[in-house]
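These are the residues of each chain, in order.
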Amino acid sequence: MQQMPSIFNDVLSPVTPGPSSSNTCGPHRIATLARCLLGEKVEHLTIRMAADGGYRDTFYSMHSDAAFLVGLMGKELHTEHLRRAYQDAEMAGLTWEFKFVDDLPLQPSELAELYLKGATRSIRLTGISLGGGEIEITELNGQRVSLQGKMPCLVSFLPDGTVCVTGDETKTAGRVVYLPAIYPFIPQGKETPFHNAEEMLAYACRTGKPLWKIAFEYESVLTGADEMQLRAYAAQLRKFCRQAAERGREPGNSFVGITVPKAPAYCAALEQGKLISLGAADLGCLDAMSIMEYSNGNGTIVCMPTGGASGIIPAAIDRVGEAMGKSEEEMANALMVAGLIGVFYYETHYTGAIGCQAEIGVAISMAAAGVASMLTDDPNVIEAAASMGGQSVMGLLCNPVEGYVQVPCIVRNMAAVPIAITCANAAVGGMDHVVPLDDVVQLMLEVGKKIRPCNRAGTYHPAKKKEDTHA
């Protein structure tokens with residue numbers, strides 16, 4: 001049975017300090033599991049990464065260093081914890097080494113080898129941040145494993161040095177570690193009524209249900225939560241997005257990088273009528289900009305489906321919904337439709353390692369579907385909007401300047417809002433998308449194989465990189 005991804009665990013997820021889910025939430029999740037596996041206070045940490053891998057330009061600028069330390073200290077991933085990570089680690093007596101080496105593979109892009117030492121034991125593991133906050137520990141003390149943090153499990157360190165992973169307490173021996181689930185919902189392991197967009201369309205036509213209703217049913221099967229519980233969680237996500245949009249345009253927002261916050265000035269220019277009107281996208285572009293700038297200040301965002309694309313979906317759906325006079329419930333329905341479309345892109349892991357097409361492009365596709373669902377219940381039209389959204393920036397590189405989620409990331413989020421609205425309008429207006437959504441996903445994966453990894457693409461003005469040793 002194929003286990004399908006969850007809307008709230010894997011797509012509209014995670015809720016994390018910015019700027020990047022794969023660089024803050026991912027390392028924190030790896031470190032959280034690593035700390036549990038060690039089973040005692042971490043006294044020393046060594047992290048080894050590929051010298052030309054994905055962490056080369058992002059490890060410090062996107063605060064992966066701090067996220068690892070915060071997780072190893074057993075702290076929640078909060079903005080202040082990230083900012084105080086080095087100070088808190090020193091006070092906790094933790095020493096560390098961060099090394100970029102030539103003997104590790106370049107792919108997966110964000111792979112790190114961790115060595116943890118406590119007072120009485122040590123462990124070595126390989127952890128990969130896959131994109132969108134998703135992680136996997138693939139090796140533990142030299143043995144192949146697959147620990148993702150989605151399901152609780154038991155890990156036994158046997159006397160002969162081998163490691164055994166099980167969910168059955170009766171099959172454990174040696175030193176046993178309980179690994180908790182680190183996602184919002186624990187998967188129920190149940191079969192969903194469809195596995196791709198084509199099957200979803202057939203199911204919608206057969207049942208006559210709108211896609212928003214199907215999205216709630218789909219997520220209920222996977223998580224065991226009913227529609228009321230899922231709506232409550234969706235409301236929380238939308239609240240985080242709105243707070244980020246509001247706080248991002250406040251004058252006090254600040255972040256380190258190669259640019260400075262411009263949302264307050266953009267807001268003033270919009271209010272003074274100095275900008276060309278884009279209709280509902282006027283405030284949508286402002287929201288996208290504000291969310292991204294707040295994210296760069298380590299503000300809490302919802303990755304939809306990544307931190308680097310977090311401004312697009314909430315901005316498009318909220319501002320179009322408001323312009324159309326839609327209720328909060330109807331806008332939540334549109335968000336669920338966007339999340340359902342994101343499920344079918346799960347193979348990409350929403351990672352910039354196969355191009356910004358898998359971040360901005362997927363978010364455009366999701367947002368276009370969400371917007372279209374407020375215009376029509378026709379599932380074929382909504383799928384067409386999603387397909388055109390995915391086609392719109394096919395092949396787009398991930399090429400952040402100096403490793404920050406600022407240039408060209410912020411303006412791409414802004415530009416994506418009117419593109420998503422355009423795709424929704426085109427679909428409702430009858431434009432033929434030609435390429436089915438499932439084929440768009442496969443094409444994105446094929447194009448991604450030909451795209452140079454983000455650390456080797458584009459024009460760079462690299463900030464000075466360093467090996468950080470603290471002993």
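Scroll up to find the structure.
Described below are features of the structure shown in this document.

Calculation rules
Residues numbered from 1 in each chain as written. Predicted model: local features only at pLDDT ≥ 70, side-chain atom pairs only at ≥ 80, totals over all residues. Heavy atoms only, no water. Helix = DSSP H or I, 4+ residues; strand = E, 2+ residues; numbered from the N terminus. Expected span 1.5 Å × (residues − 1). Buried < 20%, exposed > 50% of the residue type's maximum accessible area, 1.4 Å probe, protein only. Arc of directions from axis to C-beta. Polar contact = N/O pair within 3.5 Å; in protein donor to acceptor, adjacent residues only side chain to side chain. Core = buried A, V, L, I, M, F, W, Y, C linked by side-chain atoms within 4.5 Å. Contact = heavy atoms within 4.5 Å. Pairing = 2+ DSSP bridges.

## Focus on helix 8 (residues 227–248)
Piece 1. For helix 8, spanning 22 residues, the distance from its first C-alpha to its last is 31 Å, which sits close to the expected 32 Å at 1.5 Å a residue.
Piece 2. Taken as a whole, helix 8 has its buried residues at Leu230, Arg231, Tyr233, Ala234, Leu237, Arg238, Cys241, Ala244, Ala245 and Gly248. One side of helix 8 holds all its buried residues, which, seen down the axis, span an arc of 165 degrees. Those residues of helix 8 that are exposed and angled more than 90 degrees off the buried face are Met228, Lys239 and Glu246.
Piece 3. One side-chain oxygen of the residue at the start of helix 8 lies 3.2 Å from the amide nitrogen of Met228, identifying that residue as Asp226.

## Focus: the nonpolar core
Side chains of nonpolar character tend, in soluble globular proteins, to be buried together.
Piece 1. Ile7, Phe8, Leu12, Ile313, Leu340 and Tyr345 are the most contacted members of the largest nonpolar core, which totals 92 residues.
Piece 2. For this core, the element with the highest residue contribution is helix 15 (residues 409–428), accounting for eleven residues.
Piece 3. Leu12 has contacts with Ile7, Leu237, Val302, Cys303, Met304, Leu335, Gly339 and Met366, leaving out every residue within four places of it along the chain.
Piece 4. The next biggest cluster of nonpolar side chains, apart from the first, holds 47 residues, and it includes Leu45, Ile123, Ile135 and Cys153.

## A look at the side chain of His28
Piece 1. Note that His28 resides in helix 2 (residues 25–38).
Piece 2. A relative accessible area of 9% places His28 in the buried class.
Piece 3. Excluding its chain neighbours within four sequence positions, the residues that come into contact with His28 are Ala67, Val70, Gly71, Lys75, Glu76 and Leu77.

## Remarks on the environment of Thr207
Piece 1. Along the chain, Thr207 turns up in helix 6 (residues 197–207).
Piece 2. Expressed as a C-alpha distance, the spacing of Thr207 and Arg35, which sit 172 residues apart in the sequence, is 47 Å.
Piece 3. Within the structure, the side chain of Thr207 is placed 2.9 Å from the backbone oxygen of Tyr203, a separation counted as a polar contact.

## Some remarks on unusual backbone geometry
Piece 1. Ser13 connects to Pro14 through a cis peptide bond whose omega is 0 degrees.
Piece 2. Residue placement: Pro14 occurs in the loop between helix 1 (7–11) and strand 1 (15–17).
Piece 3. The omega torsion of the bond from Gly18 to Pro19 falls at 15 degrees, within 30 degrees of zero and hence cis.
Piece 4. Note that Pro19 resides in the loop between strand 1 and helix 2.
Piece 5. If you check the backbone angles, Asn141 has positive phi at about 50 degrees while not being a glycine.

## As for the pairing of strand 2 (residues 44–50)
Piece 1. Burial analysis of strand 2 places seven of its seven residues in the buried class, which makes it a mostly covered element.
Piece 2. Neither face of strand 2 is left uncovered, since the one carrying His44, Thr46, Arg48 and Ala50 and the one carrying Leu45, Ile47 and Met49 both have all their residues buried.
Piece 3. Sheet topology places strand 2 next to strand 3 (residues 95–101); seven bridges connect them, and they run parallel. In the strand pairing of strand 3, Ile47 is matched with Phe98.
Piece 4. Where strand 2 lies against strand 4 (residues 111–117), six bridges are found, and the strand directions are antiparallel. Residue pairing for strand 4: Thr46 is matched across the bridge by Tyr115.

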